[in-house]
Amino acid sequence: MSLLFAFTIACYLASSLGYQGYILFQKRPIYRVANILLWVGFVCHTVVIGLQYHETGHVPVHNLHESLSSFGWAVVGVFLILRVKYHLMVLGALVAPLATVSVVIASMLPRPPVELAPFVRGLWRTLHVGTLIVGNAAFAIACFAGILYLIQEKAIKQKRPGFFFRRLPSLKLLDSMGYASLIVGFPMLTFGIITGVIYAQMVRGRFWTWDPKEILAGITWLVFAALLHERLAVGWQGRRAAIMTIVGFVILLLTFFLFFLG
Amino acid sequence: MAGKRHIVTIGLNHKTAPVEIRERLAFSKEDTPLVLEAMGQHACVDEIALFSTCNRVEFLLASQDAPNAVEAVKDFMAEFKNTPRHTFEQSLYVYHGDEAVRHIFRVAASLDSMVVGEPQILGQIKESYLHACDYRTCGVVLNRLMHRSFSVAKRVRTETGIGDHAVSISYAAVELGRKIFGELEAKAVLLLGAGEMAELAVEHLANNRAQPIFVANRTFERGLELAERFRGTAIRFEEVRDYLRQVDIVISSTGAREYILVRDDFKGLMRARKNRPLFFIDIAVPRDIDPEINRINNVYVYDIDDLKTAIQENIDERQQEALRGERIVDAAVIQFRRWFQSLDVVPTVIALRDKMEALRQKELKKTFGSLGATSEEDRAAIDRLTAALVNKILHGPTVFLKQSANKDEKALYVDMTRKLFSLDEPGEAEPEPQG
């Protein structure tokens, strides 16, 4: 299995290089190869996770190793799904490296044995962390789309069409991609927080304890809720939306690590 | 033995002739058959093709009597176009041999165009070539040359960035619009004022399916006229601010002394627009749109200088890419020369003999090696026998090649011979298959 995991890492890494190469040289064949590699890596990764589940009997979201690996998988998965509608080639150049970094770190982390909670609790925990991981993946993609948006917007505003102007897609596409990721991510985040609250009640007997993680999670939710509301209500888009997405994701990332490390 | 065929181009283009002369000498589609038929039958002309576009008129010839063929073409142009020779003779250029080949390659690859890298020229040349094929005025040489020029043009286009990126104001506007809106389809355009460049930009946007189109002019009648042309709607100049709520692209080109839109006009506007991006292309000098407006979120203002800067980068880049294109052309000229020279009978006969002799020596060596002890005499006899055999075999083809009277056929047979006996291998062969 670890051999397969290594192969997954290799695929992601090669795919990352391919996407970067495509941005640099603008040659279609490089892009195609990078794409295939990402698919191969994703399929292998899926098998790895399936085997892990089979071996340990739980969905691999219980320690940082498992969660990071699952996060990498989810990022690639969400990207591949969103790409069906939004043909955003250059985004792979950020998504693939993120997946690579996640799985590489995951592969280096210790794998402490997981104490399985009783069935019902375990189910809640799995639901809680699992949905949050997929939500995080969607927000990561939203964040990348936001970063690319800011780069492209700057080139157009400052009237200096340069390296990126040619290589990046239209503002419209970047903005739509961010929006779509937000729409995927937000329900996941909401559901993840609700299940988390219920889980907390089961474990600690209280729904909400005001510890830093919970506060951060709450802030994240508020940020994204505000963003989504503005987008829906007054058609907020463009630069401000991109910045807010990036800020939201950074807070989310903090929460994620605080959860496993703290 | 008949003389060798020469390749000649004779023509004029936007660099050598002003438009008055070019339009005078341009050959229409209807003219082409007459020209090809008349010139194709001329004694000095073996093969001929004619390209005529708004920027150039070119005759491409293969002839054994180049000087007279050139004269014949000049006379023909003067007569056919009813224009005295001296009025256009100074504008004509005549290229021979390699230079003619290079010229055709450069023209096809759009290295010789007014806007370097513009893609239409290749299509025009292909069409002209098809005409020449229809009238059977192209032979072995021109067929090969034309197919070569197509593949050179294709290589230059794919291997260099010569055709990338906009180099005119209106194209740059479209390119920028695409980077902002993605698709231009169903993006509403508002034209303020009038003017050639602005109208061209609107036209380009409309060609990219931007619509509806609104036109606002100080004189409403003029606005109506323009609106009709773009199948749009004329609005009153006072209504412009209201229409800012629904349009996406504004092209401005009025003669106003002051800004016609300032930042204050945008209060509440973006909210009313639901923050949809708004793109201003301000072609007017002095400017119509306050540059401060560019600082508003989701609003982009480009004035004429901004567009020119954007284009200049692209032009510089094209120039760089054109240099790479020239290198591809140089290599192709050398390659073509090799093939062309091989059409001569004598080198072909020598190559054929050399090849046979080499084969004979090789086989002799093998045979003597395996025969073991043989006398000097026997060896000499075998040597004579094989030499005679080779001579007898080659006699027929050699005589045939040297005597075939028709020049067109001769080139064909020489070409065929080289292929039959693979005389161009190894190393010397044309790397690409016949086009």
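Placed above this text is the structure.
This is a predicted model, so every value here is computed, not measured.

## Observations concerning the overall build of chain B
When helices and strands are tallied, chain B shows 16 helices and ten strands. Within the span of chain B, comprising 435 residues, buried residues form 38% of the whole. Put simply, of all contacts in chain B between residues at least 6 apart along the chain, 73% involve residues at least 24 apart.

## Brief notes about the overall build of chain A
Counting its secondary structure elements, chain A contains nine helices and zero strands. Secondary structure elements of chain A occur, N-terminal to C-terminal, as α-α-α-α-α-α-α-α-α. Of all 262 residues assigned to chain A, the portion counted as buried reaches 43%. When contacts within chain A are restricted to residue pairs at least 6 apart in sequence, those whose partners lie at least 24 apart make up 79%.

## A closer look at the packing of helix 8 (residues 169-181) of chain B against helix 9 (residues 196-207) of chain B
All names here are of chain B. Two elements in contact, helix 8 and helix 9, have axes whose closest approach is 8 Å; the angle formed by their N-to-C orientations is 45 degrees. In terms of orientation, helix 8 and helix 9 fall into the oblique class. Here helix 8 runs over helix 9; the crossing is right-handed. Across the interface between the two elements, I169, S170, Y171, A173, V174 and G177 of helix 8 pack against M197, L200, A201, H204 and L205 of helix 9. By residue class, the composition of the contact of helix 8 with helix 9 is eight nonpolar, three polar and no charged.

## As for the interface of chain B and chain A
The partner chain A presents 16 residues to the 19 residues of chain B that form the contact. When residues of the side of chain B that touches chain A are traced back to their parent elements, those giving at least two are helix 8, strand 10 (299-303) and helix 13 (304-342) of chain B.

## Some points on the nonpolar core
Judged by nonpolar contacts, the single largest core of 114 residues is most densely connected at V75, V95 and I141 of chain A together with I251 of chain B. Broken down by element, this core gets its largest block of residues, 16 residues, from helix 5 (residues 119-157) of chain A. Filtering out sequence-adjacent residues up to four positions away, V75 of chain A remains in contact with V95, L98, A99, A137, A140 and I141 of chain A.

## A closer look at the sheet that holds strand 3 (residues 56-63) of chain B
Whenever strands of a sheet pair, they do so through backbone hydrogen bonds, lying parallel or antiparallel. All names here are of chain B. The four strands lie next to each other as 2-3-1-4, forming an open sheet whose pairing is antiparallel. Bordering the open sheet on either side are strand 2 (47-52) and strand 4 (93-96), each of which pairs with just one other strand. Looking at each pair of strands side by side, their axes are set apart by 15 degrees on average, direction ignored. As judged from the four bridges shared by strand 1 (residues 6-13) and strand 4, these two strands associate in the antiparallel manner.

## Digging into unusual backbone geometry
Residues and elements named next belong to chain B. Along the chain, Q211 connects to P212 via a cis peptide bond; the corresponding omega equals 0 degrees. Residue placement: P212 occurs in the loop between helix 9 and strand 6 (213-216). Note the cis peptide between V285 and P286, where omega equals -5 degrees. One non-glycine residue, N82, lies in the positive phi region at around 55 degrees. Looking at the secondary structure, you find N82 in the loop between helix 3 (66-80) and helix 4 (85-88). Overall, the presence of 7 C-beta atoms within 10 Å leaves N82 in the exposed class. The backbone of S110 shows a phi angle near 65 degrees, a positive value even though the residue is not glycine. Mapped onto the secondary structure, S110 falls in the loop between helix 5 (97-108) and helix 6 (120-134).

## Overview of the pairing of strand 8 (residues 249-253) of chain B
Residues and elements named next belong to chain B. Of all five residues in strand 8, five are buried; the element is thus mostly enclosed. A two-sided burial pattern is seen for strand 8, the buried positions comprising I249, I251 and S253 on one face and V250 and S252 on the other. Where strand 5 (residues 189-193) and strand 8 come together, five bridges link them in parallel fashion. Across the sheet, the residue bridging to L191 is I251, located in strand 8.

## Describing helix 9 (residues 239-261) of chain A
Its 23 residues give helix 9 of chain A an end-to-end C-alpha distance of 33 Å, which sits within 8% of 33 Å, the value for a rise of 1.5 Å per residue. Of the surrounding secondary structure, the elements contacted by the buried residues of helix 9 of chain A are helix 5, helix 7 (171-204) and helix 8 (212-234) of chain A.

## Side note on the packing of helix 5 of chain A against helix 9 of chain A
Residue and element names in this part refer to chain A. In the contact formed by helix 5 and helix 9, the axes pass within 8 Å of each other and the chain directions differ by 140 degrees. Here the hand of the crossing between helix 5 and helix 9 comes out left-handed. Residues N136, F139, A140, A142, C143, G146, I147, Y149, L150 and E153 of helix 5 lie in contact with helix 9, whose contacting residues are R239, A242, T245, I246, G248, F249, L252 and F256. Counted by class, the contact of helix 5 with helix 9 contains twelve nonpolar, four polar and two charged residues.

## Thoughts on the pairing of strand 2 of chain B
In summary, the side chains of a regular strand alternate between the two faces of the sheet. Residues and elements named next belong to chain B. In terms of burial, strand 2 is largely enclosed, as six of its six residues are buried. Here strand 2 shows a buried face lined by E47, A49 and F51 and a second buried face lined by I48, L50 and S52. Where strand 2 lies against strand 3, six bridges are found, and the strand directions are antiparallel. Bridge assignment links A49 to a residue of strand 3, and that residue is L60. Counting the residues that bridge the hairpin from strand 2 to strand 3 gives three residues.

About the thresholds
Residues numbered from 1 in each chain as written. Chains lettered and ligands numbered in written order. Predicted model: local features only at pLDDT ≥ 70, side-chain atom pairs only at ≥ 80, totals over all residues. Helix = DSSP H or I, 4+ residues; strand = E, 2+ residues; numbered from the N terminus. Buried ≥ 20, exposed ≤ 12 C-beta atoms within 10 Å, placed from the backbone. Contact = placed C-beta atoms within 7 Å. Axes fitted to C-alpha atoms, helices over the stretch in contact; angles between N-to-C directions. Parallel < 35°, antiparallel > 145°, perpendicular 65-115°, else oblique. Left-handed = near helix turned anticlockwise from the far one by under 90°. Nonpolar A, V, L, I, M, F, W, Y, C, P; charged D, E, K, R; others polar. Core = buried A, V, L, I, M, F, W, Y, C linked by C-beta atoms within 7 Å. Pairing = 2+ DSSP bridges. Expected span 1.5 Å × (residues − 1).

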